[in-house]
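Take a look at the letters that make up each chain.
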Amino acid sequence: MKKTLLAASITAALSQQIALAENSMLITATRTPSNIDTLGSTVSLITAKDIDRKQYVSLDEVLMSVPGLNVVQSGGKGAQTSVFLRGTNSEHVLVLIDGVEMNDPSTPSGAFDFSNFLVEGIESIEVVRGSQSVLYGSDAIGGVIQIRTKKGQGDLDFRVKAGVGTQSTHRESAVLSGEKNNFNYSVAIGRLDTDGESIAAKKKLAPGSITEDDNYENIVFSTRLGWKGFDSLEADFTARYIETEADIDGGFDSSGNNTAEDVDATNDSEQLYLGFELKGLYADGVWQPILTASRSDIDRKNKDERQNLLGNLVDTNYEGQKTKFALQNNLFLFENQIITIGFEHESEEVNSKGFSDFGGFIINQLTNADRDTKSTYIQDQIEVNDQLFITVGARYDDTDDFGSELTYRTTASYNATENTRLHAAYGTGFKAPSLFQLFGFTPNNFGSAYSGNPNLDAETSDSWEIGIDQLFFASDIKTSITYFETKVEDLITTQYIGFNSTSVNRDNADMSGVESAIHFKALSNLDIDINHTYTRTKDEDNKELLRRPKHKANIEFNYEPAEHININTNVLYTGQRVDVDGIGQRVDVGGYSVVNVAATYKLSNNVKLFARLDNLTDKYYEPAYGFQALGRAGFIGVELIN
């Protein structure tokens, strides 16, 4: 009888956690549904409602206001976009969509390009800061960004959006979702097309340059299908396909200061992400196995036709694939405790071909490599009492090319009072050398080459954080402040030996800073959010790391003058930082502030109008040295709801 009551209690608690997860999506930090007030890790959650009221179009826009995170876009839509989390490198951020890894194994560092991800069909985005290697292995030194797509619920819901804007921009999307008997479904399609502007900085254009717009087109298809058969068995399938075409420019001229226009340089891509999950609940609710399989397939093509004898001629193709099988076991053996044991097997492949001809200097792409990684991890989540929550975990990764890594992590969350919560975390992490860094080969027609280094070690890290969350005036004011430190060793860099080059473990870096945020309910219909991040970085020569501003701040006003009207104003400040020019010389880049305004007007239950004005003051700025951001741009549209 006691065993039956215990199993029923565990099952009820688990169901409550799952229901919470469907509302808040706080899963990434522990791999199980968790209340944010029990997490030692620092987490930001962006919901579909947040995305809608700000009229976000792409993932990089969503992330720009997140504390501790800096987005760097080399121009307008479709231009290379990197994210630096707590001062770590862009390849130190793991990006997932419904559990499927999106980091691109075909890039030199294995980083994810944030430029081509539209928000169609997205339910929420969760950003977990700090090393997460214990649960996610390589690539998670800085943190994890998890994107979750919409799950069908209730009756048929059908939404169609269409809009137009400056630079001949138009966007169309449709989302269909619902559930029937034991099945749930969600399908989203979208398209963004814009003439854009030149991404080459107009204040640095080479003499005699003729400016031209850099067009961009993005098509996305996404689906999520679910089935719940027996009381203890569920299946979930997700797929997302992205196809893009982007015009780019030629970078810098020989001076290193002047940017060059290139009227026919393009960067096209096709991306496919597939995921399958089978979840059960057995042994009287004590054992929850989760079996997953995933596949990512990325194909990038760069082309540039030669316009004169000294011009560029480029025809390269990069293909990267990841396949993963995993078994996660959640064990509810003891009251107020969840033990998670996982096993993973991941295969990566990269293939590059083609050539780049820079006025007679020809570089060939001849990389073809693969590797397998086997991993085991264990985590124990302990609810000591209704105030103190602790997690401890460890992981072992074994690869068939560079060796093995052991990582560990512990966190604590303590609700000191009803209005005060303390949290802390300490963990180690690692970033595996990319396949290109290990086995890449790019010879040139002058007899020299870049050759990968199969003797590379992994980049490793130690990081810790401590913070406090405080409520005031019956929760009308919510504040948080977190101090963090990260040390990364054996950073991989390129070393030249004569005219040849390779990759070596040579550099170390230290990052530290403070993230602070306040949410203030000024009026019943006015919310104000302010956050600020101070980040201090230095390499082993005591120099600042590139593209990491010391100060970054965001102020947001969300005002509802009436039930059917919402106005959102956002001011984003990015402080001074260090970058490099076209010949690799360090340069100081000034700070900038950008104002964006979005509004929605609900005509009826079935019709909603929306409008957005980006860069309200038409501020000229360069997120990356030599590449200008878009000037003032407007967009209006309508959404039809069944």
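Every value quoted in this text rests on a predicted model; they were computed, and no experiment measured them. (Residues numbered from 1 in each chain as written. Predicted model: local features only at pLDDT ≥ 70, side-chain atom pairs only at ≥ 80, totals over all residues. Heavy atoms only, no water.)

1. Quick look at a negative patch on the surface
Turning to step 1, where the next piece is worked out: There is a patch of like negative charges on the surface, built from Glu349, Asp370, Asp398 and Asp400.
Turning to step 2, where the next piece is worked out: Inspection of the secondary structure puts Glu349 in strand E16 (residues 337-358). (Patch = residues over 30% accessible without salt bridge, like charges linked within 9 Å, V, L, I, M, F, W, Y side chains within 5 Å. Areas by Shrake-Rupley, 256 points an atom, 1.4 Å probe, with all protein chains shown as cover. Salt bridge = Lys/Arg side-chain N within 4 Å of Asp/Glu carboxyl O. Lys, Arg positive; Asp, Glu negative; His and termini not counted. Charge placed at Lys NZ, Arg CZ, Asp CG, Glu CD. Helix = DSSP H or I, 4+ residues; strand = E, 2+ residues; numbered from the N terminus.)

2. Some words on the packing of aromatic side chains
Turning to step 1, where the next piece is worked out: Tallying each qualifying case throughout the model produces 8 aromatic pairs.
Turning to step 2, where the next piece is worked out: Ring geometry for Phe112 versus Phe114: centroids 4.8 Å apart, planes at 80°, classification edge-to-face.
Turning to step 3, where the next piece is worked out: For Phe112, a relative accessible area of 5% gives the class buried.
Turning to step 4, where the next piece is worked out: Ring centres of Tyr592 and Tyr621 lie 4.1 Å apart, and the angle between their planes is 20°; on these two criteria the pair is classed as stacked. Of this pair, Tyr592 sits in strand E32 (residues 592-602) while Tyr621 sits in the loop between strand E33 (607-614) and strand E34 (633-641); the two residues are 29 residues apart in sequence, bridging distant segments of the chain. Neither residue differs from the other here; Tyr592 and Tyr621 are each classed as buried.
Turning to step 5, where the next piece is worked out: The residue whose ring lies beneath Lys161 is Phe610, and the NZ or CZ to ring-centre distance is 5.4 Å. (Phe/Tyr/Trp six-rings, centres within 6.5 Å; stacked < 30°, edge-to-face > 60°. Buried < 20%, exposed > 50% of the residue type's maximum accessible area, 1.4 Å probe, protein only. Lys NZ or Arg CZ within 6 Å of the ring centre and 35° of its normal.)

3. Points about unusual backbone geometry
Turning to step 1, where the next piece is worked out: Not every positive phi belongs to a glycine, and Asp284 is a case in point at roughly 55°.
Turning to step 2, where the next piece is worked out: Here Asp284 shows up in the loop between strand E13 (266-280) and strand E14 (287-304).
Turning to step 3, where the next piece is worked out: Taking relative accessible area as the criterion, Asp284 reaches 49% and is therefore assigned partly exposed.
Turning to step 4, where the next piece is worked out: The phi angle at Arg547 is positive, at roughly 65°, despite the residue not being glycine.

4. Things to note about the confidence of the model for the chain
Turning to step 1, where the next piece is worked out: For the chain, per-residue confidence averages 92 on the pLDDT scale, and 94% of positions sit at 70 or higher.
Turning to step 2, where the next piece is worked out: A low-confidence stretch, residues 1-23 stays under pLDDT 50, and its non-local contacts, those more than four residues away or across chains, total 20 contacts. (pLDDT = per-residue confidence, 0-100. Contact = heavy atoms within 4.5 Å.)

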